[in-house]
Amino acid sequence: MPTDITRGLPGVVAAHVAAYNAHDPEAMMATLAPDALVNDVRREFLGHAAIRAWADKEIFGDNVTLVVERALDQHGDVVLHARVDGDYDKTGLPDPLILTYYFSLRDGLITQLIIVHNQPAA
């Protein structure tokens, strides 16, 4: 059974969220392993160069912010549900937009981050 860690996020995940909200790309990159993988909207970005290009355009370019709604420890990985806002095109998106961030952590860094807009379970 997953453990609720909403009020006690691992430091690297808390720093990652804080970097979004502070619009600080350097701080965000510092949370990621050099060979990290990010998957956003079914697109993969592998390594710092690719992730930085994605983040500069789609996170920091669109002033994306996150409000943590809930976070769970799932066998050492973190499943985080966050209310997302920013200056991106919101056409066809729900309000509020809640995305799920699946973090894999190793040695104090994020090694994999998968971002999904999940549908409610039937």
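Scroll up for the structure.
Residues numbered from 1 in each chain as written. Predicted model: local features only at pLDDT ≥ 70, side-chain atom pairs only at ≥ 80, totals over all residues. Heavy atoms only, no water.

Visitor: Looking at this model, I keep getting lost on the packing of aromatic side chains. Mind explaining?
Guide: Think of a pair of aromatic rings as described by two things: how far the centres are apart, and how the planes are tilted against each other in angle. Considering all chains together, one arrives at 4 aromatic pairs under this definition. Geometrically, the ring pair formed by Phe45 and Trp54 is stacked, given 5.7 Å between the ring centres and 25° between the ring planes. Side by side, Phe45 and Trp54 carry an identical accessibility label, which is buried. Here a set of aromatic residues connected by ring pairs shows up, and it is made of Tyr20, Phe60, Tyr101 and Phe103. (Phe/Tyr/Trp six-rings, centres within 6.5 Å; stacked < 30°, edge-to-face > 60°. Buried < 20%, exposed > 50% of the residue type's maximum accessible area, 1.4 Å probe, protein only.)

Visitor: It is not clear to me how the pattern of salt bridges should be interpreted in this structure. Could you clarify?
Guide: Two side chains that carry opposite charge are able to pair once their charged atoms sit near each other. Within this structure, the stated rule accounts for 8 salt bridges. Between Asp56 and Arg52 there is a salt bridge, with its nearest N and O atoms 2.8 Å apart. Here Asp56 and its partner Arg52 are both found in helix H3 (residues 47–60), 4 residues apart, which amounts to about one turn of the helix. A salt bridge links Lys90 to Asp85, with the nearest nitrogen and oxygen atoms 2.8 Å apart. Relative accessible area serves as the criterion here: at 39%, Lys90 is assigned to the partly exposed category. One salt-bridge network, in which partners are shared between bridges, spans Glu26, Arg52 and Asp56. (Salt bridge = Lys/Arg side-chain N within 4 Å of Asp/Glu carboxyl O. Helix = DSSP H or I, 4+ residues; strand = E, 2+ residues; numbered from the N terminus.)

Visitor: Is there a simple way to think about the pairing of strand S2 (residues 32–40) in this case?
Guide: Working note: regular strand, side chains alternate between the two faces of the sheet. With 7 of 9 residues buried, S2 lies mostly within the body of the structure. Both S2 and strand S7 (residues 109–116) contribute to a ladder of 5 bridges, which runs parallel. The residue bridging Asn39 from the neighbouring strand is Ile114, located in S7. Direction of pairing for S2 relative to strand S3 (residues 43–46): antiparallel, over a ladder of 4 bridges. (Pairing = 2+ DSSP bridges.)

Visitor: Just checking my understanding: could you explain the side chain of His16 for this structure?
Guide: Secondary-structure assignment places His16 in helix H1 (residues 11–22). A relative accessible area of 1% places His16 in the buried class. Discounting chain neighbours no more than four positions away, the residues touching His16 are Met28, Thr31, Leu32, Phe103, Ile110 and Leu113. (Contact = heavy atoms within 4.5 Å.)

Visitor: Whenever I open this one, the sheet that holds S7 confuses me. Can you help?
Guide: Either a parallel or an antiparallel arrangement is found when strands of a sheet pair, and the pairing is made through backbone hydrogen bonds. With mixed pairing, 7 strands are arranged side by side in an open sheet as S1-S4-S5-S6-S7-S2-S3. Looking at the sheet topology across the chains shown, the edges are occupied by strand S1 (3–4) and S3. Pairing of strand S5 (residues 77–85) with strand S6 (residues 97–106) involves 7 bridges; the strand directions are antiparallel. Its bridge partner lying in S6, Val84 is registered against Leu97. Docked against the sheet, H3 engages S2, S3 and S7, running at close to 50° with respect to S2. (Axes fitted to C-alpha atoms, helices over the stretch in contact; angles between N-to-C directions.)

Visitor: Mind showing me how you'd approach the layout of surface pockets here?
Guide: A probe matching the size of a water molecule, rolled over the atoms, marks out where space remains unfilled. The calculated volume of the largest pocket comes to roughly 540 Å³. Lining the largest pocket are 20 residues, and of these Asp40, Val41, Arg43, Glu58 and Leu99 lie nearest its centre. When residues of the lining of the largest pocket are traced back to their parent elements, those giving at least two are S2, H3, S6 and S7. Its residues placed into classes, the lining of the largest pocket shows 13 nonpolar, 2 polar and 5 charged. (1 Å grid on protein atoms, 1.4 Å probe; cavity = no way out; pocket = protein on both sides within 12 Å on 5 of 7 lines; lining within 4 Å. Points joined across faces, edges and corners; volume = space filled by probe spheres on them. Nonpolar A, V, L, I, M, F, W, Y, C, P; charged D, E, K, R; others polar.)

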